[in-house]
Amino acid sequence: MTSATSFLFGTVVPAMVTPFNDEGQLDTDSAQKLAEHLVNEGADGIVVTGTTGEISTLTDDENVRMFSAVKEAVGDRATIIAGTGTNDTAHSIELSRRAEQAGADGLLLVTPYYNKPNQAGIRAHFETVASATDLPMMVYDIPGRSVMPIHSETIIALAQHPNIVALKDAKADYQSTTRVLAETDLLVYSGDDGLTLPLMAAGAVGVVSVTAHVATAGYRRLVDAMHAQDLSTARAVHFELDPIQRAVMSHVQGAVAAKTILHWQGILPNSVVRLPLTQATEAEQAVIRADLQEGGVTV
């Protein structure tokens, strides 16, 4: 079996938040400290300015500053995957090229949202961007945000492109993912924290995770156990992580929850998010704390 540390994008990949200062401006110093913390805890890849990184409210210059800052902080200790997907193919190409110049190791491209392209348009979008740089690409399938799913036939066709090498699967369609795993060599990552174990049982290589901000070491244990075919250990860790996953993913948007908890832990100086996101209310904070307490996380 392939070593869990040998995969191109890593296997425990936090979808990292983008820190801001109290005035809502980009805080690259805190971003670098957070990236170093995540790697020290067991991350071997980091998605920078993905959905949880609030890409939709960042300028292109801010995105590029984040790519450079995180790459500078962690060097070769983790793969830096730049979130460069938009609903505009030309814009995605421009941002992807700038990510390559900034030193990113790979790209994460989400399905074009809002436009509602058909499968031919979705395929053409990904292939056009993938041909615009030399970086390897992870396709991000999340119909809950993009509306349009990427059909398994489309993913299988995309896998023929030499630069399209991975899939972040957040579709919660096990049958579709099974077919992709059976018929392609794509590196498949769970994009749903709670589905990491079952997706890895079918052949996924790891997880791109929001909850990994809080439980990086736990996901490292789970992923390594699955690669070692130690289902008993993996199942035990899966159950341990469940209340922590609920804390991060069930009550407020993931970036809001992750920043709130990281601030409680003293890892971030604040929990500032950009509108239209808002910080967690007192009631939301209370249920987040309760889930964390159940999961053994002290804040």
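It should be noted that the structure appears before, not after, this text.
Residues numbered from 1 in each chain as written. Predicted model: local features only at pLDDT ≥ 70, side-chain atom pairs only at ≥ 80, totals over all residues. Heavy atoms only, no water.

Q: Just to check I follow, could you spell out the nonpolar core for this structure?
A: Among soluble globular proteins, nonpolar side chains are generally buried collectively. Counting 82 residues, the largest nonpolar core has Met16, Ile46, Phe126 and Leu292 as its most contacted members. No other element matches the eight residues that helix α9 (residues 212-227) contributes to this core. Leave out the neighbours within four places in its chain, and Met16 touches Ala31, Leu34, Ala35, Leu38, Ile46, Val47, Thr49, Thr52, Gly53, Met66, Val70 and His213. Counting 17 residues, the second largest nonpolar core, distinct from the first, contains Phe7, Ala15, Met138 and Val205. (Core = buried A, V, L, I, M, F, W, Y, C linked by side-chain atoms within 4.5 Å. Buried < 20%, exposed > 50% of the residue type's maximum accessible area, 1.4 Å probe, protein only. Helix = DSSP H or I, 4+ residues; strand = E, 2+ residues; numbered from the N terminus. Contact = heavy atoms within 4.5 Å.)

Q: In this structure, what is going on with the sheet that holds strand β7 (residues 187-190)? I would like to understand it.
A: What links the strands of a sheet is backbone hydrogen bonding, and the strands pair in either a parallel or an antiparallel sense. Read across the sheet, eight strands follow the order β1-β8-β7-β6-β5-β4-β3-β2 without closing on themselves; strand pairing throughout is parallel. One side of each edge strand has no neighbouring strand; the edge strands of this open sheet are β1 (12-14) and β2 (45-48). Across this sheet, the average inter-strand angle for adjacent strands is 25°, counted without regard to direction. By the bridge criterion, two bridges tie β7 to strand β8 (residues 206-209) in an arrangement that is parallel. Paired with Ser190 across the bridge in β8 is Val207. Helix α3 (residues 89-101) rests against β3 (79-83) and β4 (106-110) of the sheet, and its axis sits at about 160° to β4. (Pairing = 2+ DSSP bridges. Axes fitted to C-alpha atoms, helices over the stretch in contact; angles between N-to-C directions.)

Q: Could you clarify how one ought to interpret the packing of aromatic side chains in this entry?
A: Aromatic ring pairs are described here by two measures, namely the spacing of the ring centres and the angle between the planes. Evaluated as defined, the whole model comprises zero aromatic pairs. One Lys or Arg, Lys168, reaches over the ring of Tyr140 and ends 4.0 Å from the middle of that ring. Over the ring of Trp264 we find Arg289, and its NZ or CZ is 3.8 Å from the ring centre. (Phe/Tyr/Trp six-rings, centres within 6.5 Å; stacked < 30°, edge-to-face > 60°. Lys NZ or Arg CZ within 6 Å of the ring centre and 35° of its normal.)

Q: Got a minute to help me understand the packing of helix α11 (residues 254-264) against helix α12 (residues 282-294) in this structure?
A: Geometry of a packed helix pair, given as the angle between the helix axes and the separation of the axes. At a closest axis distance of 11 Å, the pairing of α11 and α12 adopts a crossing angle of 70°. Relative to α12, the element α11 lies roughly perpendicular. Where α11 crosses over α12, the handedness of that crossing is right-handed. Side by side, α11 and α12 meet where Ala257, Thr260, Ile261 and Trp264 of the first sit next to Gln285, Ile288, Arg289 and Leu292 of the second. Grouping the amino acids of the contact of α11 with α12 by side-chain chemistry returns five nonpolar, two polar and one charged. (Parallel < 35°, antiparallel > 145°, perpendicular 65-115°, else oblique. Left-handed = near helix turned anticlockwise from the far one by under 90°. Nonpolar A, V, L, I, M, F, W, Y, C, P; charged D, E, K, R; others polar.)

Q: Hey, could you run me through the pairing of strand β6 (residues 164-169) in this one?
A: Residues in a regular strand project their side chains so that they alternate between the two faces of the sheet. Among the six residues of β6, five are classified as buried, and the element is accordingly described as predominantly covered. For strand β5 (residues 137-141) and β6, the ladder comprises five bridges, and the chain directions are parallel. Directly across from Asp141, in β6, lies its bridge partner Asp169. Of the strand pairs in this sheet, β6 and β7 are connected by four bridges, and their pairing is parallel. Each residue of the ladder has a partner; that of Lys168, found in β7, is Tyr189. Traced from β6 through helix α7 (residues 174-183) to β7, the parallel crossover comes out right-handed. (Right-handed = clockwise from strand over helix to strand, strands pointing away.)

Q: How do you make sense of α12 when you look at a structure like this?
A: Residues three or four positions apart in an α-helix share a direction because the helix packs 3.6 residues into each turn. Here α12 is 13 residues long and its end C-alpha atoms lie 19 Å apart, about the 18 Å a rise of 1.5 Å per residue gives. Buried within α12 we find Ile288, Asp291 and Leu292. Considered in projection along α12, the buried side chains sweep an arc of 100° and stay on one side of the axis. Residues of α12 that are exposed and point more than 90 degrees away from the buried face comprise Glu282, Ala283, Gln293 and Glu294. The secondary structure elements touched by the buried residues of α12 are α9, α10 (231-249) and α11. Gly296 occupies a position one or two residues after α12 and carries a positive phi of about 80°. (Expected span 1.5 Å × (residues − 1). Arc of directions from axis to C-beta.)

Q: Explanation requested: the pattern of salt bridges in the structure shown.
A: Should their charged atoms come close, side chains of opposite charge can pair. Summed over the entire model, instances satisfying the criterion amount to 15 salt bridges. Between Asp291 and Arg246 there is a salt bridge whose closest N-O contact spans 3.3 Å. Here Asp291, found in helix α12, pairs with Arg246, found in helix α10; they are 45 residues apart in sequence, far enough to count as distant. Arg246 sits in the partly exposed class, given a relative accessible area of 27%. Counted as one network, the salt bridges with shared partners bring together Asp242, Arg246, Asp291 and Glu294. (Salt bridge = Lys/Arg side-chain N within 4 Å of Asp/Glu carboxyl O.)

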